[in-house]
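# Structural description and commentary
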Amino acid sequence: MEDDDDWVMVGRPREKDLWKPSNYEEGIFEKNKALKVRFNVPAEYWTDALPIGNGRLGAMVWGGVLSETINLNEDTLWTGNPGTYTDASAPEVVSEVRGLVDAGKYAEATTAAAPLLGKPTEVYQLVGDIKIDFDDTHAAYNQATYQRELDLDTATVKVQYFVGDVEFTREHFISNPDQVFVTKISGSKPGSLSFAVYLDSMLNHEFLVSAKNQIVMKGSCPGQRTPSELNDNPQGIQFSAVLDAQISNGAGDIYTLDGQKLKVEGADWAVILLAASSSFSGPFTKASDSKKDPTLESLRTINSIRNFSYTELFARHLDDYQSLFQRVSLQLSRSSKTVAKDGPLVTNRYLKDSKEDKVSTAQRVENFQSDEDPSLVELIFQYGRYLLISCSRPGTQAANLQGVWNSNVQPPWDCAPHLNINLQMNYWLSLPCNLNECQEPLFDYMSNLSINGSKTAKVDYEAKGWVAHQVSDIWAKTSRDRGKVVWSLWPMGGAWLCTHLWEHYTFTMDKDFLEKVYSLLEGCVSFLLDWLIEGRGIYLETNPSTSPEHPFIAPDGQPASVSYSTTMDMAIIREVFSAFVSAAKILGKSEDDLVEKVLKAQPRLSPTKIARDGSIMEWALNFQDPKVSHRHLSHLFGLFPGHSITVEKNPDLCKAAEYSIFKRGEEGPGWSTMWKAALWARLHNSEHAYRMVKHLIQLRYPTESNFEGGLYSNLFGAHPPFQIDANFGFPAAVSEMLVQSTVQDLHLLPALPRDKWPNGSVRGLKARGGLTVNIYWGEGDLREVGLWTNHSNCTTRIHYRGTTVTSKLSRSRVYTFNKQLKCIKTYAL
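Below you will find a few notes about this structure. As the structure is a computational prediction, the values presented were derived from the model and not from experiment.

### Digging into the sheet that holds strand β23 (residues 745–748)
- Read across the sheet, 4 strands follow the order β22-β23-β27-β28 without closing on themselves; strand pairing throughout is mixed. In the strand order of this sheet, the two ends are held by β22 (739–741) and β28 (803–809), each with one partner. The average undirected angle you get between the axes of adjacent strands in this sheet is 25°.
- Pairing geometry for strand β27 (residues 794–800) and β28, over 7 bridges, is antiparallel. Across the sheet, C794 pairs through a bridge with L809, a residue of β28.

### Let's talk about the pairing of strand β15 (residues 261–267)
- Of the pairings in the sheet, the one linking strand β10 (residues 193–200) to β15 comprises 4 bridges and is antiparallel in character. By the bridge assignment, F195 is partnered in β15 with V264.
- Remark: 3 residues form the turn of the hairpin made by strand β14 (residues 253–257) and β15, two consecutive strands paired antiparallel; D258 in that turn has positive phi of roughly 60°.

### Section: the pattern of salt bridges
- Tallied over the entire structure, the rule returns 31 salt bridges.
- For the salt bridge of D244 with R306, the shortest nitrogen-to-oxygen distance reads 3.6 Å. Separated by 62 residues along the polypeptide, D244 in strand β13 (residues 238–247) and R306 in the loop between α3 (294–304) and α4 (310–325) bring together distant segments of the chain.
- The buried category is assigned to D244, whose relative accessible area is 1%.
- Note on R306: relative accessible area 39%, which makes it partly exposed.
- Salt bridges sharing partners connect three or more residues here, namely K36, R38 and E149.

### Side note on the sheet that holds strand β24 (residues 759–767)
- If you trace the 6 strands from one edge of the open sheet to the other, you get β17-β24-β25-β26-β29-β30, paired in antiparallel fashion. Both outer strands of the open sheet, β17 (329–333) and β30 (823–828), are each paired with one neighbouring strand and no more. Put simply, the sheet's adjacent strands are angled 15° from each other on average, direction ignored.
- Of the strand pairs in this sheet, strand β26 (residues 781–789) and strand β29 (residues 813–818) are connected by 4 bridges, and their pairing is antiparallel.

The rules behind these values
Residues numbered from 1 in each chain as written. Predicted model: local features only at pLDDT ≥ 70, side-chain atom pairs only at ≥ 80, totals over all residues. Heavy atoms only, no water. Pairing = 2+ DSSP bridges. Helix = DSSP H or I, 4+ residues; strand = E, 2+ residues; numbered from the N terminus. Axes fitted to C-alpha atoms, helices over the stretch in contact; angles between N-to-C directions. Salt bridge = Lys/Arg side-chain N within 4 Å of Asp/Glu carboxyl O. Buried < 20%, exposed > 50% of the residue type's maximum accessible area, 1.4 Å probe, protein only.

What follows is the structure in structure tokens.
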């Protein structure tokens with residue numbers, strides 16, 4: 001940063017001068033690098049392409065020169081129809097399994113549970129592609145001038161290159177306010193632009209060129225997940241895409257070609273608009289019963305923006321997007337004493353020597369293991385926020401396993417939302433990173449799950465309330481999945497999701513929201529009370545019970561996965577019960593019978609136990625673990641994202657949790673790496689939290705398969721293959737390193753890696769209690785912190801390196817504290 005104005009938080013009215021550090025020191029920060037994901041070559045693989053989105057629509061821009069491909073997604077394109085998510089034979093099987101568990105026959109119980117396995121989820125699909133073919137002169141483009149970049153600050157992908165002395169530029173974005181994909185293509189000389197544009201799809205489809213400048217593609221998803229041929233099953237969700245092209249006035253011509261393409265010749269510029277829609281009418285309406293006409297909706301969208309210029313469309317897009325993205329800024333820097341010399345530059349098809357401001361992002365990732373460039377951490381942090389804004393907005397579907405971006409009719413893991421970590425991790429960043437609106441699709445989805453889940457609970461478990469298992473889909477599937485008992489038989493998915501309801505309240509202090517979602521908590525609690533049964537001694541038990549995806553060795557030496565009262569079961573139930581009691585108190589419902597039942601059950605939940613080797617026990621008994629390095633860290637839920645294990649209150653459990661993470665090791669897929677980073681941060685262990693951050697930042701190639709974790713060249717998280725939860729887990733983990741909170745307490749820089757990021761600032765993070773937090777630090781030590789709340793007056797305890805002060809904060813006033821936590825300035829908003 002070069003002057004005090006750089007401390008201003010951009011994009012929020014009346015917050016321009018909220019907080020500036022009074023003792024800012026010139027020169028301790030390196031110059032900010034632009035928040036851009038850069039390439040110096042066109043994409044060769046899908047994970048080289050650059051993602052854009054508006055929550056509902058997604059696109060991947062490849063940046064080809066002779067031929068451009070842009071993959072298109074719409075978040076409601078799924079196979080299938082509403083399903084039946086009950087099994088009348090389940091209660092008898094559950095009873096048999098419980099008896100075997102009670103008899104200590106865990107392997108037999110696992111085998112006996114197999115009939116509980118259900119049908120698979122449906123599958124996320126894709127709209128298709130926009131194809132743009134340029135004339136043959138582009139084959140001779142100047143490769144040294146090629147640039148392709150995603151600008152996170154504007155949510156725009158730009159492609160530039162020269163052909164002779166003509167510079168060609170393409171700009172791509174997807175507008176949320178206007179619900180349209182926009183591309184502008186231009187040449188630097190008049191009349192230099194010629195190309196053909198058309199649509200294609202792997203799904204059943206047909207074309208209609210409705211005018212000289214418009215193409216309509218109509219198609220359908222399969223009515224079931226595995227038809228023998230796509231064309232045999234047209235009764236699924238219908239979709240439509242309308243592409244409209246406009247060219248410069250008075251220059252060039254546009255006409256139809258082969259009945260399927262639009263041909264542009266001799267134009268100065270062209271603007272391509274695309275609207276896409278589907279007939280999906282909600283998870284409870286059959287595709288054949290839908291009254292929605294996706295073609296009519298897409299045409300309406302195109303017609304509604306016909307009078308907007310490209311500049312106006314871009315301005316509307318920018319204003320909407322930046323109102324979210326620019327709420328938070330992060331700057332990390334090294335002092336001159338700690339700046340490492342640049343590592344070796346590796347040159348291959350991704351990595352190409354160029355000027356400092358043109359270095360490819362892949363090259364920066366490749367170099368990170370040696371140079372540990374903190375500005376790359378800033379970029380990946382903001383990239384996660386960008387992706388959430390781009391795939392989860394109010395009124396859209398919840399972010400799936402790949403957000404909204406998918407290129408296959410049979411994508412990895414069906415792109416289905418997995419409820420045993422992945423869907424939850426998708427939204428860990430939304431609250432601390434000041435994007436609470438982006439969480440709304442998750443709550444809408446939970447409402448749908450509760451409807452189907454109440455049927456599953458009643459029929460399968462003879463229980464009240466609602467339940468959801470390990471994996472779901474757009475049809476709000478709540479029954480058990482196919483495959484293996486070790487992952488399918490896990491009825492805690494809905495309960496884990498319910499913890500997000502309480503978290504949303506604690507960050508926003510929005511009582512109206514709590515009132516609105518209270519029935520979801522009630523239904524979840526009702527199921528959990530019925531699911532808990534009398535067990536050994538004083539404790540209530542869950543039986544059958546599994547630890548997600550992780551088997552054990554039974555005392556008789558047999559592999560098994562079914563037992564009782566796994567640590568994760570108890571931790572989730574403890575968290576939900578605590579949230580429910582607190583919510584009832586706030587809403588004046590503490591006298592309700594259900595609250596009384598919860599209060600009686602709470603002390604009967606078995607506590608988290610420490611195993612003989614000093615680690616947290618994952619199962620109720622000290623079973624042998626066949627894979628101590630397993631990717632899931634389910635038994636540590638109480639530490640993070642839960643709150644039942646804390647450094648202040650549970651030092652013994654924290655010591656055991658630390659050893660548990662050590663046992664798991666550092667290897668694993670990206671999401672597991674980021675969960676470990678957040679766990680280490682909760683333990684206030686900055687060294688190991690940073691090790692996990694560094695561990696993720698390794699360049700991976702789509703042709704490789706013998707690895708776990710890392711990042712592809714476009715910064716997508718590599719499982720492998722691509723899975724988006726690591727991208728979302730990264731900003732969540734970094735936020736935990738910088739700020740931790742309860743409704744009453746605020747911990748500043750609890751896991752800051754002072755030797756790696758000795759100088760820095762973060763502005764706009766959110767903390768529980770409705771606080772907004774700005775922090776400035778230098779040479780590894782806090783300099784100043786700014787706090788404010790827009791909700792209500794509150795009292796908070798501020799903690800920093802052994803110092804604690806209690807401060808009363810008034811609504812709509814900004815408070816500035818120095819490193820001794822003394823309030824040195826306050827003023828009204």
